[in-house]
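Report on the structure
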Amino acid sequence: MLAYIVRRLLQVIPTLLFISLVLYGLLALKPGDPIDELRRGNPGFTQADYERLREFYGLDKPWYVRYWRWLGRAVQGDFGPSRQFGRPAAQYVFENRLPNTLLLSGVALLVALVISIPTGVLSALKQHSALDYTVTVFNFLGVSVPIFWLGIMLIYLFAVRTGGFLPAGSMMTPGITGAWPVFVDRLRHLLLPVAALSSLHLAQWTRFMRSSMLEVVRLDYLTTARAKGLREGKVVYRHALRNAILPLITLVGLSIPQLFSGAVLTETVFNWPGMGRAIFDAILVNDFNVAMVSLMFISLLILACNLLADLAYALADPRIRYD
Amino acid sequence: MRNIMVLLALLSGLALAVLGGPTFNNLVIGATQEPSNLFPWEGAADTKENVMALFNIGLTFFDSNGHLMPGLATEVPTPDNGRVKVIYDANGDFVRQEVHWTLRDDAYWSDGVPITTDDVTFTFEVQRTPEIPVTTRSFSDLIEEIRVLGLKDFVIVYKAPNLFYANIAGAIGLARFYDIAPAHIWGPIYRQVMIQVKAEPGKAADIISGQLLGAPAATGVDPTKVIGSGAFKFVEWRINQFIRFARRTDFFLAPPGRAEEYVQEIIVRFIVNQPTLISALLAGEIDASDDIALAGQDPAILRQQYRLGTVFVDPSGFIEKLNFNLFASCKAAADLLLGDKRTRQAIIMAIDREDLAETVYPGAIVSNSFVVRGDVGFTENLNPWPYNPPGAKALLAELGWADLDGDGVLERLTEDGRAVKFELHWVSTTASFRVRTGEVLQEFLADVGIRLVVENLPGSVVFSTEYLNHGSECTWRGIVEYAEGGGTGEAPADPLSNELWAFDYLKAPLSQVSENIPLPENGFGGTNIMGWNSPQFDQLRADALREFDTERRAAIVAEMQKVYNVELPTVPLYERTDCIAVRTGLVNYRRGTPVARTQFWNPWEWGWEQNGARSVR
Amino acid sequence: MTEPDKGTKLRSRDTESPARTTWRRFRRHRLALVGGVVLVVLVLCAALAPWLSPYDFARQNRRVRFSSPSFSVPIELQSLPQCRQPAVLWWRCGMHPFGTDDLGRDILTRVLHGGRVSLLVGFAAGLASTLLGTLIGALAGFSGRLVDTSVSRFVDIMLSIPQLPLLLILVGLLANPEVPMANWLSQTLGGAKSIVIIIAVIVILSWMSTARLVRGQVLSLKEREFVEAARALGISRLRIVLRHVLPSTLSVIIVQATLMTGEAILIESGLSFLGLGIQPPAVSWGNMLSRAQEFLYYPNGVYIALFPGLFIFLTVLCANFVGDGLRDALDPRLRGRL
């Protein structure tokens, strides 16, 4: 087991290096550099000025040299400054953007989990009932609806039609003080984006929970347990649920990174200043340092979640061995 | 269940509660763009111009009538008050221009330090350092020297005529936002950065953007370091959320009546997404919009929806234009005869610009000039180029275009015998009114046999020099559409907004290569991205730049517009307007004229009528 | 009398071709059947769009901007020369069943034409990504250990790169006229450029799951007797893969292709919404939505957002129904699994 973990951890390093190389190379292909702005406003700008400044800013070097230099500093934790905001890119991403994403994605994740597990279980236990069919249909709806469109429709219904019952976006109203009003304010701003963002996972996980529950319920040891006269409720909670939830852990673990970077559509519709939108904007305006630090963070997150999901599975299910 | 009911009641209750506005005697302004930093020397974004104006004031400022008023200076220098001297030699040729400024005695930085000539000389030193990114050096390059006469008195000596020696927004030749920066704050930072840059030239870019643009004084990480000269002082900046300012009690300009009756706090909320901003406005979460936030919105429809206040429309000073690739070296453009003025004339006649403006930018006014209405020399006495498809078709036929294969698109045989189809490329940004413009233009031009191929690219691509300044190499090969400042009190001299000249006739031996047309020979510098070269226009421009008399200058500017209106190096579409929403009771929140440059020129006068503020604008 | 009948039935079922069995099982899945029918109708409508609608999808009529959905024709519009053809069945000229958009274009017409692009992107990208995934998966599964490991590593890495940002970078690059290949693309493809780019990008980023699936299937099949037998008979590897292994994995592949189609339509709509997808004048459901949000406050503005979204939703829903039905039909053991 330990050898396995070490091996997996060692694999992470070359993978991250490779990903960073690919991403840096792709970003470097984009046009636009810091001298552009200087040049546009200065008609007296000569080619000599241009060359001098390019050299000065280190932009005369080919991209792989710049990559090497970037890497050298990145491993020391220096990801360079953000071109848009002056401040260090890492600081901008981790202080100004990540917490917002954690809030939105965290709540969405929680909501999806809290609803999907009981619904999935219930619908599996009452297979072929009206409830089961309703749940199934809702699952299909959930995985088929474009999130951003759902968001727009929610805004129309709850913000436009009601004349601002709920805010149509953004994170908070500035100037509110006091614990309770702040809490309510955040909650109001969270409702619609969480509803939109959690829809997909809600559907996927309910469906998954249902099928994995169905599988477990049919297994022999449950029949045995029932035969032994245990109450049905006890059977479900003590044995079935625990085993059925296992695969869900893996699935949830694997979707976490998605919640971080893939929320760009939700963030755009609801004007939520999160990571997804930060990456999107950084790529659009050539803020390489911000793009790189956030992309590397998410890649690392993906790798870590993959590993953790595998480990969680292994710990929970002793039958699985990794040698 | 009961809990849910309580929660719902609370939610709906709070939904109606107003957190800004008259109740708290503060003002929440909604903006769709956020400044990148608060560094005083650099930046072109309008939103930075606005936000910086909340806690800074220049030597002068324009009021809502377009009058130049003294800010940090005791009075606006003019030849009449003896503060402006133009010195000519025996032949009557220009030698130098001297402008004498006196700083107000009661001008203090927001931390209480007096504003002195030390700040002025320091600001100029930074402005002149080649490694420091500054917005423009066009005006600072005109400065021969700054003579310090005392703590509050200095003379700026220009080696070439500067007609705009007292204007805001960098025309004096000092910092872009707003003329004078605090030396006691920026001095140590600047010196530290320059030492490091000299020590590690390889890291220069990172040092400058990280430690200069990223200094606490520019990012607000340490609020005590953000110091300004204006009516409000910086309180906090929550990036991507809002920036907050509080009224200064030691500011030298005062509103009528008691200052407590006016807005005490200003919050600018950054809501990138326009629809979200509009909903916040309609719901009363913001009290007013800035001048950019509602761009392209239909004021009539907004007025219908906005029950809490009013919506008014002001001219913006920007003209939306089609820039043509006129370079003979770009074959794709030359094949379409874009360099022939008749082609451009045909295209302007093929577009119903009234209809276009109404559809894509409601409230905008059709323009036939490169100067905006109300500015020095603006003339109506121009060909209005009315919608005239038959005229356009006739001109195109005259140029040898005909639909040879009957597919509805014109063709033409070139001199070397190739058949060319009239497929015209149009490129602009992804702003929604521009996307719509592309679609409308497509239809108008199809009617005269031109197939418009539209492409909407991110602004960062369209405005990158590698793209825009390389038209001679065909990076763009038809039309690029964007807006340019149409004078705004500086026409025609501001080389920033004036993209039409090719050679600087003010220079004694004329340069061999155009200074303003981006070509390989000048390192693709300059703003005349079309490659338009009109000696007649350039001569007039030089004459205007030498003419200190406003009336005579106006006559020259009118001449320039006539040349422009016939040659049409760019096709003017419309003068953009600013649509501004204001909650009932807010007074003096008015720009009035594009000359004022920023909607936020007079924050000390903003107030709520409900709280006793008086309207003076 | 009944006995022989039952016998024939049983026999006929025994000799029934696999395709027939599948079809019989598929038919039992009611939602899938309905989904399939709706999909076919949608495809037909999209294909026949130019003949179904009296309007040209790009033609603007700025006099009727933001009109509400209605089956009546205002008198003042009856004589306008805005129609390409007089009337199609009940759809008279001047009638806007779904209303009109911000430029006065008929929304239903645009939805029909947008369907052509969106469905094309969906089917093409779904098919291509499944093909590519199958090919790579089969290669990995059937080759030696070295190839298998390196391909699997590559798949892992591709899955570790954040998808959406990569998508953005790729689309941005290919749409950028300064990148050499992009310029070549725009010259060769002209107006279809953005469609081809979007298909390519979706394929590049979505073949991995299919590859994994197919590799797993191939690995498990490889050990089965009939493959061993074929190998013993000296049949070439390629032949074994083409003749024996692929047909056996076909069920997985078909299901995957169906689900991928829905996924591709969703990705296209998302990218177009962000302004990086299909460029005008081409119309797709996604790019119809790209500016929809700003008109929510306009009277009748909501229809610009409502209808294209509804059609994306409907299509993806049907694709999912069909995929589900196919899975049940092709492999009853997988019933109910995702």
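Rules used throughout
- Residues numbered from 1 in each chain as written.
- Chains lettered and ligands numbered in written order.
- Predicted model: local features only at pLDDT ≥ 70, side-chain atom pairs only at ≥ 80, totals over all residues.
- Helix = DSSP H or I, 4+ residues; strand = E, 2+ residues; numbered from the N terminus.
- Buried ≥ 20, exposed ≤ 12 C-beta atoms within 10 Å, placed from the backbone.
- Rg over C-alpha atoms; globule rule 2.2 N^0.38 Å.
- Expected span 1.5 Å × (residues − 1).
- Pairing = 2+ DSSP bridges.
- Axes fitted to C-alpha atoms, helices over the stretch in contact; angles between N-to-C directions.
- Left-handed = near helix turned anticlockwise from the far one by under 90°.
- Contact = placed C-beta atoms within 7 Å.
- Nonpolar A, V, L, I, M, F, W, Y, C, P; charged D, E, K, R; others polar.
- Domains from an automatic or database assignment.
- Core = buried A, V, L, I, M, F, W, Y, C linked by C-beta atoms within 7 Å.
- pLDDT = per-residue confidence, 0-100.

Details of the overall build of chain A
Secondary structure summary: chain A contains 13 helices and zero strands in total. Reading the helices (α) and strands (β) of chain A from amino to carboxyl end gives α-α-α-α-α-α-α-α-α-α-α-α-α. Out of the 323 residues belonging to chain A, those deemed buried represent 45%.

Looking at the overall build of chain B
The secondary structure content of chain B amounts to 17 helices and 21 strands. Over its C-alpha trace chain B gives a radius of gyration of 26 Å, about what one expects of a compact globule, namely 25 Å for 617 residues. Expressed along its principal axes, the backbone C-alpha trace of chain B runs to roughly 85 × 75 × 50 Å. Burial status across chain B gives 57% buried among its 617 residues.

Some remarks on helix H15 (residues 302-330) of chain C
Here H15(C) contains 29 residues, and its C-alpha end-to-end distance of 42 Å stays within 8% of the 42 Å for a straight helix at 1.5 Å per residue. Among the 29 residues of H15(C), 26 are classified as buried, and the element is accordingly described as predominantly covered.

What to know about the pairing of strand E9 (residues 242-247) of chain B
Residues and elements named next belong to chain B. Across the six residues that make up E9, a large majority, five, are buried. Of the strand pairs in this sheet, strand E8 (residues 232-238) and E9 are connected by six bridges, and their pairing is antiparallel. By the bridge assignment, Arg238 is partnered in E9 with Phe242. Turn length for the E8-E9 hairpin, with the two strands adjacent in sequence and antiparallel, is three residues, and the turn residue Asn240 shows positive phi of about 70°.

Brief notes about the packing of helix H6 (residues 107-142) of chain C against helix H10 (residues 193-206) of chain C
All names here are of chain C. Two elements in contact, H6 and H10, have axes separated by 9 Å at closest approach and are oriented at 35°. Considering how the two elements wind past one another, H6 and H10 form a crossing that is right-handed. For the pair H6 and H10, the contacting residues are Val117, Val121, Ala124, Ala125, Ala128, Ser129 and Leu132 in the first and Ile195, Ile198, Ile199, Ile202, Val203 and Ser206 in the second. Its residues assigned to classes, the contact of H6 with H10 comprises 11 nonpolar, two polar and no charged.

Some words on the sheet that holds strand E6 (residues 143-148) of chain B
All names here are of chain B. Reading across the sheet, the four strands line up as E4-E5-E7-E6 and stay open at both edges, with antiparallel pairing between neighbours. This sheet does not close on itself; its edge strands, each paired only once, are strand E4 (84-88) and E6. Strand-to-strand twist in this sheet, taken as the mean axis angle between neighbours without regard to direction, amounts to 15°. Looking at chain direction, E6 and strand E7 (residues 153-158) are connected through five bridges and run antiparallel. Each residue of the ladder has a partner; that of Ile146, found in E7, is Ile156. Together, E6 and E7 form the strand contacts of helix H3 (residues 117-128), whose direction differs from that of E6 by roughly 160°.

Things to note about helix H7 (residues 274-282) of chain B
With nine of nine residues buried, H7(B) lies mostly within the body of the structure. All of the buried residues in H7(B) are B:Gln274, B:Pro275, B:Thr276, B:Leu277, B:Ile278, B:Ser279, B:Ala280, B:Leu281 and B:Leu282. Along its buried surface, H7(B) packs onto helix H7 (147-160) of chain A together with strand E1 (26-31), strand E11 (288-289), helix H8 (299-305) and strand E19 (570-583) of chain B. Downstream of H7(B) by one or two residues, B:Gly284 has phi in the positive range, about 85°.

Digging into the domain arrangement of chain B
When the domains of chain B are assigned, the result is domain 1 (60-187) and domain 2 (317-575). Here the C-alpha centroids of domain 1 of chain B and domain 2 of chain B sit 34 Å apart.

Regarding the environment of B:Leu382
Residue and element names in this part refer to chain B. Looking at where Leu382 falls in the secondary structure, it is placed in the loop between strand E13 (365-366) and helix H12 (389-398). With 17 C-beta atoms counted inside 10 Å, the residue Leu382 sits in the partly exposed group. The sequence separation of Leu382 and Ala558 amounts to 176 residues, and the corresponding C-alpha distance is 9.3 Å. Those residues in contact with Leu382, other than ones at most four positions away along the chain, are Asn368, Ser369, Gln561, Lys562 and Asn565.

Here's the deal with the domain arrangement of chain A
A common way to report how large an interface is uses the accessible area buried once the components associate. Per the domain assignment, the segments of chain A are domain 1 (2-81) and domain 2 (105-287 + 298-316). When the residues that make up the side of domain 1 of chain A that touches domain 2 of chain A are grouped by side-chain class, the tally is three nonpolar, two polar and two charged.

Thoughts on the environment of B:Ala542
Residue and element names in this part refer to chain B. Along the chain, the position of Ala542 falls in helix H16 (residues 535-546). Classification of Ala542 by C-beta neighbours within 10 Å gives partly exposed; the count is 17. With sequence-adjacent residues up to four places away left out, Ala542 is seen in contact with Tyr505 and Leu506.

With respect to the interface of chain B and chain C
Between chain B and chain C, the residue contacts involve 24 residues of the former and 18 residues of the latter. Where the side of chain B that touches chain C is concerned, the elements lending two or more residues are H7, H8, helix H11 (353-360), helix H13 (432-447), strand E17 (451-456) and helix H15 (465-468) of chain B. Counted by class, the side of chain B that touches chain C contains nine nonpolar, nine polar and six charged residues.

Some details on the packing of helix H5 (residues 89-125) of chain A against helix H8 (residues 179-217) of chain A
At a minimum axis distance of 6 Å, the contact between H5(A) and H8(A) shows a crossing angle of 35°. The handedness of the crossing between H5(A) and H8(A) comes out as right-handed.

Digging into the pairing of strand E10 (residues 265-270) of chain B
Residue and element names in this part refer to chain B. Burial of E10 is extensive: five of the six residues sit out of reach of the surface. Where E1 lies against E10, six bridges are found, and the strand directions are parallel. Within E10, the residue paired with Gly30 across the bridge is Arg269. Taken together, the five bridges between E9 and E10 define a ladder with antiparallel strand orientation. Paired with Ala246 across the two strands is Glu265, which belongs to E10.

Thoughts on the nonpolar core
In this structure, A:Ile155, A:Ala291, B:Ile266, B:Val268, B:Ala581 and C:Ile198 are the most contacted members of the largest nonpolar core, which totals 267 residues. Ranked by residue count, the leading element in this core is H15(C), at 17 residues. When near neighbours in sequence (up to four residues on either side) are disregarded, B:Val268 contacts B:Ile29, B:Ala31, B:Val51, B:Phe242 and B:Ile243. Grouped together as the second largest cluster of nonpolar side chains are 74 residues, B:Phe327, B:Leu337, B:Phe503 and B:Val557 included.

Side note on unusual backbone geometry
Across residues other than glycine, the phi torsion is negative in most instances, and most of the peptide bonds are trans. Although it is not a glycine, B:Trp385 sits at a positive phi angle of roughly 45°. Position of B:Trp385 among the secondary structure elements: in the loop between E13 and H12. For C:Asn300, which is not glycine, the phi torsion reads 65° and is therefore positive.

Some points on the environment of B:Thr47
Residues and elements named next belong to chain B. Mapped onto the secondary structure, Thr47 falls in helix H2 (residues 46-55). The exposure class assigned to Thr47 is buried, which follows from the 21 C-beta atoms found within 10 Å. Residues Thr47 and Ala332 lie 285 residues apart in sequence; the distance between their C-alpha atoms is 37 Å. Sequence-distant contacts of Thr47, that is, excluding residues within four places in its chain, are made with Ala31, Gln33, Glu34, Pro35 and Ile292.

Details of the confidence of the model for chain B
Residues and elements named next belong to chain B. Looking at chain B, the pLDDT average stands at 86 and 94% of residues meet or exceed 70. Looking across chain B, the model is least confident in helix H1 (residues 2-16), with a mean pLDDT of 47, and most confident in helix H10 (residues 341-350), with 95. The model gives residues 9-18 a pLDDT under 50, and that stretch makes 11 contacts with residues more than four places away or in other chains. Across residues 488-497, confidence stays below pLDDT 50; counting only partners more than four residues off in sequence or on other chains, it has 35 contacts. Reported confidence for the predicted complex is 0.83 by ipTM and 0.82 by pTM.

A look at the confidence of the model for chain A
When pLDDT is averaged along chain A, the result is 81, and 82% of the positions lie at 70 or above. In the model of chain A, helix H2 (residues 35-40) of chain A stands out as the element of lowest mean pLDDT, 58, in contrast to H5(A), which has the highest, 90.

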